[in-house]
Amino acid sequence: MSSTSLWPTVKLPVAEDAAALLFSALWQRLGAHVCAAFLDSSDHARTPAPARSRYSVLAFSSAEGQSVVLSSAAFEWLEQNWPHEGVQAADGASSSAPFQLGWVGWIGYENQARFFAADRAVVVDHHLGTAEIQGAGEDKEWQDLVHSAAGALDSAPSAAPPVQLRGLTVRDSRMAYLAKIRAAQTEIRDGNSYEVCLTTAVSGRLRGSPWDAYWALRERNRAPFTQFLHFPEVQGHDAMAILSTSPERFASIAADGRIRSEPIKGTRPRGATAEADVAALRDLQSHPKDRAENVMIADLVRNDLSVHAEPGTLRTERLCAVESYPTVHQMVSTISATLEPHAKRSRALADAFPPGSMTGAPKTSTMNILAELETGPRGPYSGVAGWFSSTGACDLSVLIRTAVLRSTSSGEDADEWNFHLGLGGAVTADSDPDAEWEEVITKSRGVLNALGAEFP
């Protein structure tokens, strides 16, 4: 894709939700027939890690924008369509932003995917309060549209119309899930795994606008990888939307080949009082089971990244650090490396996929156990979503705390959607099955409660 020699910028209002308001205004003007993605660092005004949440990406296809639906072989497709090595921005575009026009989308746990070619984008720098306008060629109409939308922003967003969740069911009953936990523990005792990340799902119907539902989620669950992805109906595939409030990075790759992963293992609900909240945080920091889980997955990620790393560059930047979000405290580690000069970036991602925090360890044998225990596909849940820049950079989150919506009719304006929310937790030899079930319920609350519903 071609680009201008210098991306123009526009100043945004000093408001926490300016990027979200700009995306909403632009998408409304472009129309629901385009692919659209809001890769949103919604916690940028309140994060303990400001560098991680500096940018938000607003990406759109044109009316003729290319959209790809894959039932399998997602990484093989990326190998053919995304740079193998870091490259300079096309035509010498000048930008400090990590994203340059490229592919946006998601890859599911079973290696299916949906992508679109973003030929129009706005990259918001929350530190500078600016929005960089990216578009193919001298797209004056697109630049004028962004300037107009930015100039008309109201600093105070109006309340999103309510959405309704109904007919919610959980795939596994409590007793069935407890039985699966015990079966996983038998596999662990038999030496077939150290940790099994077992999952279930809540499904039902959502009535209302996916964007309104996303707005309600991000208001309650600010996180570094809050994401809204919209794909219209195409080639016999239903319209769908991804509504994610993930705090977890699967992997980012900088244009210079630096790769970083931030796996999460260990969760506590926020306390109802300040004292209870501090107690929950300290319990997570010191609990031997949670620390053992986190160290185990960090070690798995180290192994995954080492496959394509330059010798001597693999680093554990953080181990068992605790980060706090609106509904939970979570334990996170950070592992980084520099890719070998001629490593294929799609292959480096493929060899680290699925995220180890969503499988357990060792990965291959544990995935075989999960295939026997779980009674339905995970789909986008447990997979990854984000952007793939034309420079060879990328940034992908793990799809947790994520609602997946699929249209129930062929009409683009239909407001009835099938709803799917994947949930799970890590089972170890000393897991308490009842506590694991309660963790599933705890993890559901960030999404379900924000949408006015309870765990079924």
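Source: prediction; values computed, not measured.

*Asks:* Before we go on, may I ask you to explain the overall build of the chain in this structure?
*Replies:* Helix and strand counts for the chain stand at 10 helices and 22 strands. The C-alpha atoms of the chain give 21 Å as radius of gyration, which agrees with the globular expectation for 456 residues (23 Å, within 12%). Over its C-alpha atoms, taken along the principal directions, the chain stretches across nearly 65 × 50 × 50 Å. When contacts within the chain are restricted to residue pairs at least 6 apart in sequence, long-range pairs at least 24 apart make up 76% of them. With the model as given, the accessible surface of the chain reaches about 17,500 Å², and the carbon-plus-sulfur share is 50%. Computing the positive centroid from 40 side-chain charges and the negative centroid from 55, the chain places the two 4 Å apart.

*Asks:* It is not clear to me how the environment of A74 should be interpreted in this structure. Could you clarify?
*Replies:* Within the element layout of this structure, A74 appears in helix α2 (residues 74–81). Exposure remark for A74: the relative accessible area of 0% places this residue in the buried category.

*Asks:* How should I be thinking about the confidence of the model for the chain in this particular structure?
*Replies:* Low-pLDDT portions of the prediction should not be read for the details of their coordinates. Here the chain averages 92 in pLDDT, while 94% of its residues score no lower than 70. Counting interchain partners and residues more than four positions distant, the pLDDT-below-50 stretch residues 1–5 has 24 contacts.

*Asks:* Would you explain unusual backbone geometry in this entry?
*Replies:* At the junction of F353 and P354, the peptide bond is cis and its omega measures out at -5 degrees in the coordinates. A cis amide bond links A361 with the next residue in sequence, P362, at an omega value of -10 degrees. If you trace the backbone, P362 turns up in the loop between β18 (360–361) and α9 (363–373). Although it is not a glycine, C320 sits at a positive phi angle of roughly 60 degrees. Looking at where C320 falls in the secondary structure, it is placed in strand β16 (residues 315–324). C320 sits in the buried class, given a relative accessible area of 8%.

*Asks:* Before we go on, may I ask you to explain α2 in this structure?
*Replies:* Of the residues making up α2, those classed as buried are A74, F75, W77, L78 and E79. Looking at the buried residues of α2, the elements they touch are β4 (67–70), β5 (102–107), β6 (113–117), α8 (345–350) and β19 (384–389).

*Asks:* Can you walk me through the packing of aromatic side chains in this structure?
*Replies:* Between two aromatic rings, the relevant description is the distance of the centres plus the angle of the planes. Under the definition given, this model contains 23 aromatic pairs. Between F38 and W211 the ring centres are 6.2 Å apart and the planes differ by 50 degrees, which places this aromatic pair in the tilted class. Here W211 lies in helix α5 (residues 210–220) and F38 lies in strand β2 (residues 36–40), a separation of 173 residues in the sequence. By relative accessible area, F38 is classed as buried at 0%. By relative accessible area, which is 10% here, W211 ends up buried. Among the aromatic residues, those joined into a ring-pair cluster are F23, W27, F38, F60, W142, W211, Y214, W215 and F228.

What counts and what doesn't
Residues numbered from 1 in each chain as written. Predicted model: local features only at pLDDT ≥ 70, side-chain atom pairs only at ≥ 80, totals over all residues. Heavy atoms only, no water. Helix = DSSP H or I, 4+ residues; strand = E, 2+ residues; numbered from the N terminus. Rg over C-alpha atoms; globule rule 2.2 N^0.38 Å. Contact = heavy atoms within 4.5 Å. Areas by Shrake-Rupley, 256 points an atom, 1.4 Å probe, with all protein chains shown as cover. Lys, Arg positive; Asp, Glu negative; His and termini not counted. Charge placed at Lys NZ, Arg CZ, Asp CG, Glu CD. Buried < 20%, exposed > 50% of the residue type's maximum accessible area, 1.4 Å probe, protein only. pLDDT = per-residue confidence, 0-100. Phe/Tyr/Trp six-rings, centres within 6.5 Å; stacked < 30°, edge-to-face > 60°.

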